[in-house]
Amino acid sequence: MALKNRTAVITGSTSGIGLGIAKAFAAEGCSIVLNGLPTPDCEAIRAGLAAEFGVKALFDPADMAKTAEVRGLIKRAEAAFGAVDILVNNAGIQHVAPIEDFPEDKLDLIMRINFYAGYHATAAVIAGMKARKWGRIINITSAHSLVASPFKSAYVASKHAVAGMAKTVALEVATDGITINCIAPGYVWTPLVEKQIPDTMAARGMTMDQVINEVLLKAQPTKRFVSIEEVAATAVFLASDAAASVTGTTLSVDGGWTAA
Ligand code: NAD
């Protein structure tokens, strides 16, 4: 039970990678604050997590596109559990279009959810972590925080921004028992990836099979999607005491993509 008596806030955790991390943390005895866009199944997800792993779990519907709600999420979690020991900045969205056609509202929303939300959540948890001399901040970035792909200008920029923020904050809190790192997955089969297939088909004039094999898995030498469990296990490691000297860095979980 590496995370017993810890509390974690995981943004965007009602689906995909965030939910996988919530389950892996709960399996280690961690109390969980789930977050995501409210859907009819949020309460069932929360209750299922609490029952399966015997941990306390809350759901908070804070909209990660809105700064006041991001800050409110941290305040409410601290009030409910007395502390936020682990913050996982995971909520993220994608939009695929050539830069000359990229809708301004999509650029704005991507920067808000993928970058500003993690920035404000990190700013909000630091004081409590400093006071307790222990904290873990984990940002789910992407191979796209290290390399680019065409038609994803806003997403790639937002993920590079998070990596820069993490390096900077790591230096600021290095003597406070707080680490901040990024996990950079390659392609993981989640609703986020499924949703971008039609746009990529349109942008590149391809079939679905062509998009999967010639675009998504083309750069991934293992030729398979990364699993949610593989990303979650890396997050458990970064949250553990064993990772106390790992800070200001990016761990790639990308099937060799960025080795090329
Ligand atoms: P997903 O679409 O399955 O889940 C996204 C989660 O974010 C959901 O819980 C959703 O409710 C939540 N969310 C979206 N907008 C929100 C908002 N405004 N406020 C609050 N919550 C919001 O996505 P995923 O594939 O699991 O991606 C999770 C993270 O991993 C993202 O940051 C993504 O960029 C990153 N990532 C994903 C992949 C991949 O291949 N799936 C690869 C690299 C990085």
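Conventions and cut-offs
Residues numbered from 1 in each chain as written. Predicted model: local features only at pLDDT ≥ 70, side-chain atom pairs only at ≥ 80, totals over all residues. Heavy atoms only, no water. Helix = DSSP H or I, 4+ residues; strand = E, 2+ residues; numbered from the N terminus. Rg over C-alpha atoms; globule rule 2.2 N^0.38 Å. Buried < 20%, exposed > 50% of the residue type's maximum accessible area, 1.4 Å probe, protein only. Contact = heavy atoms within 4.5 Å. Areas by Shrake-Rupley, 256 points an atom, 1.4 Å probe, with all protein chains shown as cover. Lys, Arg positive; Asp, Glu negative; His and termini not counted. Charge placed at Lys NZ, Arg CZ, Asp CG, Glu CD. Salt bridge = Lys/Arg side-chain N within 4 Å of Asp/Glu carboxyl O. Pairing = 2+ DSSP bridges. Axes fitted to C-alpha atoms, helices over the stretch in contact; angles between N-to-C directions. Near = heavy atom within 4 Å. Polar contact = N/O pair within 3.5 Å; in protein donor to acceptor, adjacent residues only side chain to side chain. Nonpolar A, V, L, I, M, F, W, Y, C, P; charged D, E, K, R; others polar. Phe/Tyr/Trp six-rings, centres within 6.5 Å; stacked < 30°, edge-to-face > 60°. Lys NZ or Arg CZ within 6 Å of the ring centre and 35° of its normal. Expected span 1.5 Å × (residues − 1).

**Quick word on the overall build of the protein chain**
For the protein chain, the helix and strand inventory stands at eight helices and seven strands. Scaling as 2.2 N^0.38, a compact globule of 260 residues should have a C-alpha radius of gyration of about 18 Å, and the protein chain matches this with 18 Å. Expressed as lengths along the three principal axes of its C-alpha atoms, the size of the protein chain is roughly 50 × 40 × 35 Å. By the burial criterion, 52% of the 260 residues in the protein chain qualify as buried. Long-range pairs, those at least 24 residues apart, make up 71% of the contacts in the protein chain between residues at least 6 apart in sequence. Here the protein chain has roughly 11400 Å² of accessible surface; of this, 57% comes from carbon and sulfur atoms. Charge-centre separation for the protein chain: the mean point of 23 positive side chains lies 6 Å from the mean point of 24 negative side chains.

**A short note on the pattern of salt bridges**
For the structure on display, the rule yields eight salt bridges. Its salt-bridge partner being R6, residue D241 comes within 3.8 Å of it at the nearest N-O pair. Of this pair, D241 sits in the loop between α8 (228–239) and β7 (250–253) while R6 sits in the segment before β1 (7–10); the two residues are 235 residues apart in sequence, bridging distant segments of the chain. Between R112 and D108 there is a salt bridge, and its shortest N-O distance comes to 3.1 Å. One end of the pair is R112 and the other is D108, both in helix α4 (residues 104–132) and four residues apart, which spans about a single turn.

**Details of the sheet that holds strand β3 (residues 57–60)**
Taking strand neighbours across the sheet as the criterion, the seven strands line up as β3-β2-β1-β4-β5-β6-β7 in an open arrangement whose pairing is parallel. Two strands lie at the open edges of the sheet, namely β3 and β7, each paired on one side alone. In this sheet, adjacent strand axes meet at a mean angle of 15° when their direction is disregarded. Seen against the sheet, α4 touches β4 (86–89), β5 (135–140) and β6 (178–185) and runs at an angle of roughly 175° to β4. Contacts from helix α5 (residues 153–172) reach β5 and β6, with the element oriented near 155° to β6.

**Observations concerning the environment of I74**
Within the secondary structure layout, I74 lies in helix α3 (residues 67–81). Look at I74 and you get buried, because its relative accessible area is 1%. Expressed as a C-alpha distance, the spacing of I74 and A124, which sit 50 residues apart in the sequence, is 6.5 Å. Those residues in contact with I74, other than ones at most four positions away along the chain, are V9, V84, L87, A121, A124 and V125.

**Topic: the site of the ligand**
Taken together, 30 residues lie near the ligand, and S15, N90, Y155, V188 and T190 sit nearest. D63 places a polar side-chain atom, nitrogen or oxygen, 2.9 Å from a nitrogen atom of the ligand. At 2.8 Å from a nitrogen atom of the ligand is found a main-chain nitrogen or oxygen belonging to M64. In the complex, the protein chains occlude 94% of the 830 Å² of accessible area that the ligand would expose alone. For the shell around the ligand, the secondary structure elements donating two or more residues are α1 (16–27), α5 and α6 (191–204). Element by element, the count of residues in the shell around the ligand is highest for α6, at three residues. In the shell around the ligand, the residues fall into 15 nonpolar, 13 polar and two charged.

**Regarding the packing of aromatic side chains**
Enumeration according to the criterion identifies four aromatic pairs in this entry. Centre to centre, the rings of W189 and F225 are 5.1 Å apart; their planes meet at 70°, and the pair counts as edge-to-face. Placement of W189 in the loop between β6 and α6 and of F225 in the loop between α7 (208–216) and α8 is noted, with a sequence separation of 36 residues between them. On the basis of relative accessibility, which here comes to 35%, the residue W189 falls in the partly exposed class. Through pairs of rings, three or more aromatic residues link up here, namely F115, Y116 and Y119. Directly above the ring of W134 sits R6, whose terminal nitrogen or CZ lies 3.5 Å from the centroid.

**Structural notes on α8**
When the terminal C-alpha atoms of α8 are compared, their 17 Å separation across twelve residues agrees well with the 16 Å that a helix rising 1.5 Å per residue should span. For α8, the complete set of buried residues consists of V231, A232, T234, A235, V236, L238 and A239. Next to the buried residues of α8 lie α1, β4, β5, β6 and β7.

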